[in-house]
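Architecture and fold: a report
Spelled out, the chains give:
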Amino acid sequence: MTALEHEAPVPTTRTVAEDGRVDLKLIADLIDRGSRVLDVGCGDGSLMVMLETRRGVDARGIELSQPGVNECVRRGLSVVQGDADRDLQHYPDSAFDYAVLSQTIQATENPKLVLEELLRIGRRAVVSFPNFGHWTVRLSLLLKGRMPVTRNLAYSWYDTPNIHFCTIRDFVELARDVGATVETAIALDASGQRVGMRLPWWFWNLFGAQAVFVLKR
């Protein structure tokens, strides 16, 4: 068995159409109540609001875009403007129970450094990302010879913020490279349903549209 074949029990996942971003709801369910959480690349603060209201956490955020920071402030959230590639070094070791990076690692300049910083800052790191190894992506490249545009990779090649596409297999290798242990791994198909937990990694890599990992040092 690979590390991908083990996952902690989580509530049944609803579809994307019903609930919006399924990865955010999974992340919220994976985080212990009352924890201290840093949301890196927090966007408009949707996850922070969910964590505070559903899990009673002490949530802090760091966001690069000014509109995102403005929306977080409007919501009364504790957020600073900063860059995940450069500003995480200013946080002390083990300052948070969880450091979260949702749908952002592929948009960073140095994913390995960012992941190492997450694991330094938080006792656990929670990372979600779109899977570039999904069968629809492969088929689009094979048949059309063009960079794919999908629900989870919704940008054209010339205006995408994603600069380091990766697959589920790639991320597992990265986790090993930084010496992290995969505590929980969940793959979601294109409809937002969980891919079978006992299936081998290659199946996840082919049919998982996105993934959520919980890592620890």
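For the structure, see preceding data.
Residues numbered from 1 in each chain as written. Predicted model: local features only at pLDDT ≥ 70, side-chain atom pairs only at ≥ 80, totals over all residues. Heavy atoms only, no water.

**Brief notes about the sheet that holds strand S2 (residues 58-63)**
Pairing in this open sheet of seven strands is mixed, and the strands run S3-S2-S1-S4-S5-S7-S6 from one edge to the other. The open sheet is flanked by strand S3 (78-81) and strand S6 (181-188), the only strands paired with a single partner. Averaged over all adjacent pairs, the angle separating strand axes in this sheet is 15°, with direction ignored. By the bridge criterion, four bridges tie strand S1 (residues 36-40) to strand S4 (residues 96-102) in an arrangement that is parallel. (Pairing = 2+ DSSP bridges. Helix = DSSP H or I, 4+ residues; strand = E, 2+ residues; numbered from the N terminus. Axes fitted to C-alpha atoms, helices over the stretch in contact; angles between N-to-C directions.)

**Let's talk about the nonpolar core**
Counting residues in each nonpolar core, the largest one holds 35 residues, and the members touching the most others are Leu 88, Leu 115, Leu 118, Phe 129, Phe 171, Phe 213 and Leu 215. Looking at this core, the elements that each hand over two or more residues are S1, S4, helix H5 (111-121), strand S5 (122-130), helix H7 (168-177), S6 and strand S7 (210-216). For Phe 171, the contacting residues outside a window of four places in its chain are Ile 105, Leu 115, Val 127, Phe 129, Phe 213 and Leu 215. In this structure, Val 37, Cys 42, Val 79 and Val 212 belong to the second largest nonpolar core, which totals 26 residues. (Core = buried A, V, L, I, M, F, W, Y, C linked by side-chain atoms within 4.5 Å. Buried < 20%, exposed > 50% of the residue type's maximum accessible area, 1.4 Å probe, protein only. Contact = heavy atoms within 4.5 Å.)

**Some remarks on H5**
In terms of burial, H5 is a largely internal element, eight of the 11 residues being buried. Within H5, burial applies to Pro 111, Val 114, Leu 115, Glu 117, Leu 118, Leu 119, Arg 120 and Ile 121. Here the buried face of H5 lies against S1, S4, S5, H7 and S7.

**Some thoughts on the layout of surface pockets**
One number sums up the size of the second largest pocket: a volume of about 250 Å³. Gly 41, Glu 63, Leu 64, Ala 84 and Thr 104 are, among the 14 residues lining the second largest pocket, the residues nearest its centre. Class assignment of the residues belonging to the lining of the second largest pocket gives a composition of five nonpolar, six polar and three charged. (1 Å grid on protein atoms, 1.4 Å probe; cavity = no way out; pocket = protein on both sides within 12 Å on 5 of 7 lines; lining within 4 Å. Points joined across faces, edges and corners; volume = space filled by probe spheres on them. Nonpolar A, V, L, I, M, F, W, Y, C, P; charged D, E, K, R; others polar.)

**Re the pattern of salt bridges**
Under the counting rule described, the total for this entry stands at 14 salt bridges. For Arg 74, the salt bridge is made with Glu 71, and the minimal N-O distance between the two is 2.6 Å. Taken as a pair, Arg 74 and Glu 71 lie in helix H4 (residues 66-74) at a separation of three residues, close to a single helical turn. Taking the relative accessible area as the measure of exposure, Arg 74 reaches 60% and is therefore exposed. Here Glu 71 falls in the partly exposed class, since its relative accessible area comes to 22%. A salt bridge links Arg 176 to Glu 173; the nearest nitrogen and oxygen atoms lie 2.9 Å apart. With Arg 176 and Glu 173 both in helix H7, this residue pair falls three residues apart, about one helical turn. For Arg 176, a relative accessible area of 49% puts it in the partly exposed group. On the basis of relative accessibility, which here comes to 37%, the residue Glu 173 falls in the partly exposed class. One network of salt bridges, in which partners are shared, links Arg 36, Asp 58 and Arg 60. (Salt bridge = Lys/Arg side-chain N within 4 Å of Asp/Glu carboxyl O.)

**Observations concerning H4**
What H4 keeps buried is the set Gly 68, Val 69 and Cys 72. The arc that holds the buried residues of H4, viewed along the axis, is 100°, so those residues lie on one side. Those residues of H4 that are exposed and aimed more than 90 degrees away from the buried face are Pro 67, Val 73 and Arg 74. Tucked inside the fold, the buried residues of H4 contact S2 and S3. One or two steps after H4, the chain reaches Gly 76, where phi turns positive at roughly 80°. (Arc of directions from axis to C-beta.)

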